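Spelled out, the chains give:
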Amino acid sequence: MKIPLTFVLNHQKTTFEIDPWQTLLEVLRNQGRKTSVHRSCEEGECGACTVLLNNKPVNSCLVLAASVQGASVMTSEGLVKNGRPHPLMKAFTDELGIQCGFCTPGMLMNAYALIQDAGDTVLTDAVIRKALEGNLCRCTGYINIVKSVMVAQKSKLAGEWW
Amino acid sequence: MKKREERLILGKGQYADDLEFNNMAHLVFVGSPHAHAKIVSIDITRALALPGVVTVVTGKEVAAHTRHLPVQANFTSKGWTWRLAEIYAISSDKVRWYGEPVAAVVAETEEIARQAAELVSVRYDLLPLAGDLRTALNPGAPKVYEDWEDNKQVHLVFDFGDPDKAFAMADQVLSVTNREGRVTGLPIEPRGCVGVYDTKNDTLEMWGSFQTPFLARHNISATLGIPEAKVKINAVDIGGAFGLKIHAWKENVVALASKLTGRPVKWMEPHRDFVTTGPHQRDVFWDGKIAFKNDGTLLGLKATVFHDLGVESTNKGIAALSIFPACSSPTNMYKWVGMHVEGIGTVTNKSFYCAYRGYGKDKGIKFIEGAINQVAKQLNMTPEAIRMKNFIQPHEFPYHQINNYVLDSGDYPAVLNKAMEMADLDGFRKHKKELADQGRYLGIGLVTAIEPAGVAVPNCQMGGITEARVLITPDGSVEVHSDRTEIGQGTEISHATIVADILGMDPAHIHVKRVTSDFIGQGPLSSRGAVYPASAVAKAARLLREKVVKCAAWLLKISQDQVVLEKGFIYPADAPEKKISYAQFAEKVFFFPGPRGLDPEMLKAHDHLLDVTTTWYSPTTPESGSSYTSFCVSADIAAVEVDIDTGVTQIIKYVHVHDAGTIINSQVVDGQIHGGIIQGIGEALYEGLNYDESGLLQNTSFSNYLIPTSVEAPDIEIAHLETPSPFSETGSKGMGEAPIIGSKAVILDAIEDALTPFGIRVNDSPATPEKVRSWIRQATGQGR
């Protein structure tokens, strides 16, 4: 039996018909067509499916979709404005904090929350690494990802973010 | 320049899991819960009864509709032991490893297929295990393949140079061993694909995470008995590969399911299945003796390397093939008198063995680097002094090594000197003494390596074939086709840079096309990218440039040597104001005034067709037998601190100096270095696949097969030297695997250095905290 689910997805109120057992990951990918939300371990270990739930990063594979009724969910597609990459995204491209790209959308959402929450506090290497611990990357060795986050925070502090 | 990266960042990637087709069904494999068992019966009736199930494919259907998996490498004729197994993609009589598929359920949705997979009921009769190398080699051991004499699949024997002379010349001989645990490369994205069998045309097309579409096509076509010309394999965006997505095997079943159902069939591998039934690597044991003079001159090696290959079934020789580079690579970058190396590969009841960054060429280097550091200790030399004494010198290139490798170029002493300078080696050694006084254990590791890159082994699927096509379209943009799939290693950036430089174009107008099986080539395995495909692309672009110059000279009414191609424009050297864009140029050549407006002689020569397809092959391989064309150089120095109470190793400093010849894009090269080093650190410290006594794999997820997170990964200081390779078209060398070799060896060496007061030999990776503690306990006699 399908049930209706209404929540704010990437700034827009959205309603899907879902199965009660579906995870947020499945609903975002299958009904929502947000294919940036990547499926890998489905056990909350890899972080590839990270999205923001009420501004906090979560592994969407561990969230029951029905539980997000009325909540706000943001995927990396939600960072894009008028087709333009968000400055956070641009930092990852410029610094090559991306190789195969599979962990990237989840990494972006975690980094976005980290930078938002940091306010004016400049993020150090150690703080960034600790925050991104739950997002596994097998290609980059994380070095350019950390660099990307630092560059992105500078752009935030310079008022370039939307 | 970074078109692909910008697309992926915007969430517009199309990975295997994102593929959708009309009327698509979903396939889920049913895996064996046992490691070695006879299949008594399979009951699929309950699964078939579940609403939404389309069909269930078992070994019976596979045997009825497909052929045995095709042989990929066969060296039986050489007089070596080389056994192959005749196996179908799904076995119908017995299972040989934990997780081996016994059936595939096809259903309307993946969820239904997963549920139905639980309803497939299989009765097994357990068989005794050949669970590890030692058991498998015992006389009378349970056989993995009944028709083989025993479980030994491969036994290769090599004599390089004059090993007996080397040992006769020696002042001393030292026994050395090394063990590497079993690992998996484990990209974050597992394998997946969609097979679409067109029943009207009897053609098959597949899309998925294919690292080597051309080889996959051959293997899938051969299995299904469809002519290769009627099969097309497309690589989509690939979420990391590292060699683990070369192999096509479960994909063959997906293709069959599509043929049997007449529907597009999608398979997306659960990540745990990728660990239990995916390619494994390493799991070797070296036992040898190294011969040397008292002044530190290295002379020779006699060694045997034992491989636990797991099952042979799905590989057909490709696992066995990796024993060649394992046996050849101990020569590394030094001068030797002779080596005798034997490589033994044994099948066991574990998942199969295939490529992962390093493949085999890493194993000999890690072994010999450890051995050389033992020799240095024995002679009271520093690790740098013994290397400096034995390096092949810059003026000696190209150097014909005793194992027939033709080493292309390099300045080995300069690379090591640079690393020592950056690492402040003397300062760290002083610091080590200071910390020792405080009861702390700092260790400094030093390792140098060359990476044999760009493989070409005739008589097998790793033969070195490659093809590239570069063309200009009528709107003046450029298409680049090659066999180099993008697996995150910067194919698009590299190809676009090469072609833009040669044609004098803006890289934005260069379109590097996705790889399909339409183009001949092995793909980007064995760090071939910067060697074979890049050379083929560069060659094609240069030939295309000649056509452009000829046509432009005619159109601009100037001589060919007056034609300048720059920044997307074509103009006479003495009249830049007469410039035309590539778009204007292409339009003129193609349509207005069109070919008839060109010199008839040019038409006869087909110069007006701005399209070049060409091939490239190593200039050294055919005559020398060198199975690699380029050899990039690296030096790794690491300082670690070992907490002897917890056994935890912390990396304090990491320096990597690298010479990969001409650098096409330094950001891409640095990215490869970072990633490879962290993978090597993972192997050195944490990563190990553990099978229990029943042959069941114990760690199948990220929570217990530990890969480095951002917290464990250290910062890395990098410097580049650039000694162009004389053998590749661009001067660049393959380098994708070098970083994983030196990093694993150097971390283990540094731990051993830290534990010097205990006299511990660190020759058994991974050096997990548990293992380090047990070594210390044994050394100090504190219990077992």
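Residues numbered from 1 in each chain as written. Chains lettered and ligands numbered in written order. Predicted model: local features only at pLDDT ≥ 70, side-chain atom pairs only at ≥ 80, totals over all residues. Heavy atoms only, no water.

This part is about the sheet that holds strand β12 (residues 231-235) of chain B. Residues and elements named next belong to chain B. Strand order in the open sheet formed by seven strands is β3-β6-β1-β13-β10-β11-β12, with mixed pairing between adjacent strands. Each edge of the sheet is formed by a strand with only one pairing partner; in this case those strands are β3 (53-58) and β12. Neighbour-to-neighbour, the strand axes of the sheet open up by a mean angle of 20 degrees, direction not taken into account. Direction of pairing for strand β10 (residues 192-198) relative to strand β11 (residues 203-208): antiparallel, over a ladder of six bridges. Of the residues in β11, the one forming a bridge with Val194 is Trp207. Against the sheet, helix α7 (residues 213-224) makes contact with β11 and β12, and its axis sits at roughly 140 degrees relative to β12, the strand it touches most. (Pairing = 2+ DSSP bridges. Helix = DSSP H or I, 4+ residues; strand = E, 2+ residues; numbered from the N terminus. Axes fitted to C-alpha atoms, helices over the stretch in contact; angles between N-to-C directions. Contact = heavy atoms within 4.5 Å.)

Moving on to the packing of aromatic side chains. All names here are of chain B. Applying the stated criterion across every chain, the model contains 28 aromatic pairs over all chains. An angle of 5 degrees between the planes, with centres 4.4 Å apart, marks the rings of Trp286 and Phe367 as stacked. A residue pair is termed long-range when its members are at least 10 positions apart, and Trp286 in strand β14 (residues 281-292) and Phe367 in helix α12 (residues 361-378) qualify at 81 residues. On the basis of relative accessible area, Trp286 is assigned to the buried category, the value being 0%. Plain terms: the ring middles of Tyr532 and Tyr617 are 6.0 Å apart, the flat faces sit at 70 degrees to each other, and that makes the pair edge-to-face. Here Tyr617 lies in the loop between β26 (611-615) and α20 (621-624) and Tyr532 lies in helix α17 (residues 532-556), a separation of 85 residues in the sequence. Look at Tyr532 and you get buried, because its relative accessible area is 0%. The partly exposed category is assigned to Tyr617, whose relative accessible area is 34%. Taken together through their ring pairs, the aromatic side chains of Phe75, Trp80, Trp82, Phe158, Phe160 and Phe324 make up a single cluster. (Phe/Tyr/Trp six-rings, centres within 6.5 Å; stacked < 30°, edge-to-face > 60°. Buried < 20%, exposed > 50% of the residue type's maximum accessible area, 1.4 Å probe, protein only.)

Before going further, it helps to examine the domain arrangement of chain B. When the parts come together, some accessible area is lost, and that loss is often what is quoted as the size of the interface. Residues and elements named next belong to chain B. The assigned domain composition of chain B is domain 1 (3-127 + 191-269), domain 2 (281-458 + 622-780) and domain 3 (468-520 + 532-617). Centre-to-centre, using C-alpha coordinates, domain 1 lies 40 Å away from domain 3. The partner domain 3 presents 18 residues to the 21 residues of domain 1 that form the contact. Considering only the surface of domain 1 that becomes buried against domain 3, Lys3, Arg4 and Phe214 emerge as the three largest contributors, covering 38% of it. Seen at the junction of domain 1 and domain 3, the total is three salt bridges. The salt bridge partner of Asp237 is Arg514, with a shortest N-O separation of 3.3 Å. Applying the counting criterion to the domain 1 and domain 3 interface returns nine residue pairs in polar contact (both at pLDDT 80 or more). Mapped by element, the contributors of at least two residues to the side of domain 1 that touches domain 3 are α1 (3-9), α7 and β12. Among the elements that line the side of domain 1 that touches domain 3, the one with the most residues is β12, at five residues. Its residues assigned to classes, the side of domain 1 that touches domain 3 comprises ten nonpolar, four polar and seven charged. (Domains from an automatic or database assignment. Buried area = accessible area lost by both parts, 1.4 Å probe. Salt bridge = Lys/Arg side-chain N within 4 Å of Asp/Glu carboxyl O. Polar contact = N/O pair within 3.5 Å; in protein donor to acceptor, adjacent residues only side chain to side chain. Nonpolar A, V, L, I, M, F, W, Y, C, P; charged D, E, K, R; others polar.)

Quick look at the packing of α12(B) against helix α22 (residues 738-754) of chain B now. Residue and element names in this part refer to chain B. At a closest axis distance of 9 Å, the pairing of α12 and α22 adopts a crossing angle of 30 degrees. One finds that α12 runs roughly parallel with respect to α22. Here α12 and α22 pass one another in a crossing that is right-handed. On the side of α12, the interface is formed by Asp362, Ile365, Lys366, Asn373, Gln374 and Lys377, while α22 contributes Ile741, Lys744, Ala745, Asp749 and Glu752. Its residues assigned to classes, the contact of α12 with α22 comprises three nonpolar, two polar and six charged. (Parallel < 35°, antiparallel > 145°, perpendicular 65-115°, else oblique. Left-handed = near helix turned anticlockwise from the far one by under 90°.)

As enumerated under the stated definition, the model contains zero disulfides over all chains in all. Left unpaired, Cys103(A) is separated from the closest cysteine sulfur, that of Cys137(A), by 3.9 Å. Judged by its relative accessible area of 9%, Cys103(A) falls in the buried class. In this structure Cys354(B) is not part of a disulfide, and its nearest cysteine sulfur, from Cys460(B), lies 12 Å away. (Disulfide = S-S within 2.5 Å.)

All names here are of chain B. The omega torsion across Phe397 and Pro398 is -10 degrees, close enough to zero to call that bond cis. Summarising the element assignment, Pro398 is placed in the loop between α13 (383-390) and β17 (399-400). Going from Ser765 to Pro766, the amide bond is cis rather than trans, its omega being 0 degrees. With phi around 55 degrees, Lys557 is a residue other than glycine that occupies positive phi space. Here Lys557 lies in the loop between α17 and β23 (563-566). Overall, the relative accessible area of 71% leaves Lys557 in the exposed class. Unlike most non-glycine residues, Lys567 shows phi in positive territory, near 50 degrees. Looking at the secondary structure, you find Lys567 in the loop between β23 and β24 (569-572). Classification of Lys567 by relative accessible area gives exposed; the value is 70%.

Contact residues are listed per partner, giving 56 residues for chain B and 45 residues for chain A. Regarding the contact of chain B and chain A, the summed buried area is about 4,000 Å², with carbon and sulfur atoms giving 56% of it. The largest per-residue losses of area from chain B upon contact with chain A belong to Ile9(B), Ile188(B) and Ser710(B), which jointly make up 18% of the total buried on that side. Run the count over chain B and chain A and you get eight salt bridges. In this structure, Glu20(B) engages Arg33(A) in a salt bridge whose closest nitrogen and oxygen atoms are separated by 3.4 Å. The tally of links from chain B across to chain A stands at 26 residue pairs in polar contact (both at pLDDT 80 or more). Secondary-structure elements contributing two or more residues to the side of chain B that touches chain A are α1, α4 (110-119), α9 (271-276) and α21 (666-685) of chain B. Broken down by element, the side of chain B that touches chain A gets its largest block of residues, eight residues, from α21(B).

This part is about the nonpolar core. Residues and elements named next belong to chain B. Ranked by size, the top nonpolar core spans 119 residues in total, and within it Leu27, Ile220, Ile290 and Leu321 carry the most contacts. Viewed by domain, this core spans two of them, domain 1 (3-127 + 191-269) and domain 2 (281-458 + 622-780), each represented by three or more residues. Formed by 94 residues, the second largest nonpolar core is a distinct cluster that contains Ile365, Ile673, Ile677 and Ala754. (Core = buried A, V, L, I, M, F, W, Y, C linked by side-chain atoms within 4.5 Å.)

Reported here for the largest pocket is a volume of approximately 870 Å³. As for the largest pocket, its lining consists of 36 residues, and the residues nearest its centre are Asp132(B), Arg179(B), Gly181(B), Asp283(B) and Lys350(B). At the level of secondary structure, the elements contributing two or more residues to the lining of the largest pocket comprise α5 (133-137), β9 (172-183), β14, β15 (298-310) and α23 (769-780) of chain B. Class assignment of the residues belonging to the lining of the largest pocket gives a composition of 13 nonpolar, eleven polar and twelve charged. In this model, the second largest pocket occupies a volume close to 690 Å³. Forming the boundary of the second largest pocket are 24 residues, of which Glu26(A), Asn30(A), His26(B), Thr109(B) and Glu110(B) lie nearest the centre. (1 Å grid on protein atoms, 1.4 Å probe; cavity = no way out; pocket = protein on both sides within 12 Å on 5 of 7 lines; lining within 4 Å. Points joined across faces, edges and corners; volume = space filled by probe spheres on them.)

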